[in-house]
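Take a look at the letters that make up each chain.
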Amino acid sequence: MSNAFTQDDFLCGCLVADSERKIVYVNGYFEREWGWTSALLLGKNSDSLFTRSSCIFYESYIVPVLSIQKRFDEIQLALLSAKGERIPVIANARLNNEQYLTFWSLFSATKRDRLYEELVEARNALHEQSLALKALSITDELTGLLNRREIKHRAEVILN
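Residues numbered from 1 in each chain as written. Predicted model: local features only at pLDDT ≥ 70, side-chain atom pairs only at ≥ 80, totals over all residues. Heavy atoms only, no water.

Participant: Teacher, can you tell me more about the nonpolar core here?
Facilitator: Taken as a class, soluble globular proteins show a tendency for nonpolar side chains to be buried jointly. Membership of the largest hydrophobic core comes to 26 residues, with the highest contact counts inside it found for Phe 30, Trp 34, Leu 49, Phe 72 and Trp 104. Secondary-structure elements contributing two or more residues to this core are strand S1 (13–18), strand S2 (23–26), helix H1 (29–34), helix H3 (52–69), strand S3 (71–80), strand S4 (86–96) and strand S5 (101–108). If you tally residues by element for this core, the top one is H3, at five residues. The residues touching Phe 30, leaving out its near neighbours within four places in the chain, are Gly 13, Cys 14, Leu 15, Gly 35, Trp 36, Leu 41, Leu 49 and Leu 106. (Core = buried A, V, L, I, M, F, W, Y, C linked by side-chain atoms within 4.5 Å. Buried < 20%, exposed > 50% of the residue type's maximum accessible area, 1.4 Å probe, protein only. Helix = DSSP H or I, 4+ residues; strand = E, 2+ residues; numbered from the N terminus. Contact = heavy atoms within 4.5 Å.)

Participant: Please clarify how the sheet that holds S2 should be interpreted in this entry.
Facilitator: By definition, the strands of a sheet pair up through backbone hydrogen bonds, in either a parallel or an antiparallel sense. Pairing is antiparallel across the open sheet formed by five strands, whose spatial order is S2-S1-S5-S4-S3. Two strands bound the open sheet, and with one partner strand each, they are S2 and S3. Going from strand to strand, the sheet's axes swing by 25 degrees on average, the running direction of each strand aside. Two elements, S1 and S2, share three bridges in a ladder whose sense is antiparallel. In the strand pairing of S2, Leu 15 is matched with Val 26. Sheet strands in contact with H3 are S3, S4 and S5, and its direction is about 160 degrees off that of S3. (Pairing = 2+ DSSP bridges. Axes fitted to C-alpha atoms, helices over the stretch in contact; angles between N-to-C directions.)

Written as structure tokens, this is what we have:
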């Protein structure tokens, strides 16, 4: 068994940027998953990979965290594919002061976002069903008026 492997074998985007945020290395994941060839990215400012809102977040939060803690973990950003599509990613980065380089690992969060949206939709559907069931439990089916139990409950609330 051979132990020959490269960063291209990893299931995440690996990126290295210099102190001026110029990209000096990307692995093959960028091309396979997001359409960016290394020829298109090398020498380019890393900000051009992210949406405007992610760039603002980078300046206001990530830069200070990196300067103090020298790393950050599991920050959600939005990357732009080579076609300009917005892609949610989870980013980790480490600042190496000796080499003046920032090492990034970027993981696609597309499925995570989809799952979150499905959970929100399910929660909203359950909430609507709960409201409908409550309405059924406090009204008389024939007249549509409040039933005796609900009238008694509301009267106790008002009188106390």
